[in-house]
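Secondary and tertiary structure notes
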Amino acid sequence: MYEEMRKQLHEAHLTLEKYGLVAYTSGNVSVKVNEHVIIKPSGVPYSLLRPEDYVVVDLDGNIIEGNKKPSIDTATHLHLYRGIEWAKSIIHTHSTFATVWAVAEKPIPVLCTAHADVFGEEIPLSEYAPVGSEAIAKAVFKVLGKSGVVLLRKHGVMVVGSSLDDAIKKAIFLEEVARIAYFAQMMTVPVPLAKDEVERLYLQYHTKYGQNKG
Ligand SMILES: O=C(CO)[C@@H](O)[C@@H](O)COP(=O)(O)O
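Bear in mind the structure is a predicted one, so any value in this text is a computation, not a measurement.

Between its first and last C-alpha, helix α7 (residues 195-207) extends 18 Å over 13 residues, near the 18 Å set by a 1.5 Å rise per residue. Within α7, the full set of buried residues consists of V198, L201, Y202 and Y205. One side of α7 holds all its buried residues, which, seen down the axis, span an arc of 100°. In α7, the exposed positions angled more than 90 degrees off the buried face are occupied by D196 and L203. Check the buried side of α7 and you find it contacts α4 (113-119) and α6 (164-187).

Encoded structure:
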């Protein structure tokens, strides 16, 4: 089942590794196809992953196809998919700079235009929740905004995308703006961009930037 989507999901994991957002077995990506979710197998190093290793589950977590245990975060991914109609892909990482903000228990303020462009809001911080249960998803829902990105307190990052590519882009840009913000606040007390400017940049980016026909 889903041979082509398995290959795309496998490439997504390799892309996250290439950008240094995941290491060895940390993190995971899933995609939703109709009423099924394809997700990374638990505890398999990226170097050993193959497209046939990814596990297909239904939205209740029943294994539809696969001979490996699905990610320890499967319940979290599924709870998010059940509650977010537009969610088509979910990424969890421990990407370094974003996780530094999560460990320091600080949301990431909108300090640069790239942050405003892509996310349009401060990156929120969830309450602490134990790994491997729906608790993380419930904590995410309490703070999730339009960006679809949440810092998991003391843990890492959860990204909700409208597609696999959207989720990958958000994960990459999040690490970039987290790094910029980290070094900026080491040099000075940076002033966040004004709310109306953030909204203007976000709208412009999502309607006119790139090949948008807006
Ligand atoms: O964050 C954690 C463990 O702390 C896990 O979500 C993650 O590193 C990877 O687990 P899986 O290999 O997807 O089961």
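Anyway, onward from the coordinates.
Right, let's get into the pairing of strand β2 (residues 36-39). In β2, alternate side chains face the same way, and those of H36 and I38 on one face and V37 and I39 on the other are all buried. The pairing of strand β1 (residues 28-33) with β2 spans four bridges and is classified as antiparallel. Of the residues in β2, the one forming a bridge with K32 is V37. Following β1, the chain reverses through two residues before pairing antiparallel with β2; N34 in that reversal takes a positive phi of roughly 55°.

Looking now at the confidence of the model for the chain. Summing up the model confidence of the chain, the mean pLDDT is 97 and the portion of residues at 70 or higher is 100%. Here the complex is predicted with pTM 0.97, and the ipTM for its interfaces comes to 0.94.

For the structure shown, the criterion picks out four aromatic pairs. Aromatic pair Y182 and F183: ring centres 5.1 Å apart, planes at 75°, arrangement edge-to-face. For F183, a relative accessible area of 43% puts it in the partly exposed group. Here the guanidinium or amino end of K146 rests over the ring plane of Y202, the centre of that ring lying 4.1 Å away.

Calculation rules
Residues numbered from 1 in each chain as written. Predicted model: local features only at pLDDT ≥ 70, side-chain atom pairs only at ≥ 80, totals over all residues. Heavy atoms only, no water. Helix = DSSP H or I, 4+ residues; strand = E, 2+ residues; numbered from the N terminus. Expected span 1.5 Å × (residues − 1). Buried < 20%, exposed > 50% of the residue type's maximum accessible area, 1.4 Å probe, protein only. Arc of directions from axis to C-beta. Contact = heavy atoms within 4.5 Å. Pairing = 2+ DSSP bridges. pLDDT = per-residue confidence, 0-100. Phe/Tyr/Trp six-rings, centres within 6.5 Å; stacked < 30°, edge-to-face > 60°. Lys NZ or Arg CZ within 6 Å of the ring centre and 35° of its normal.

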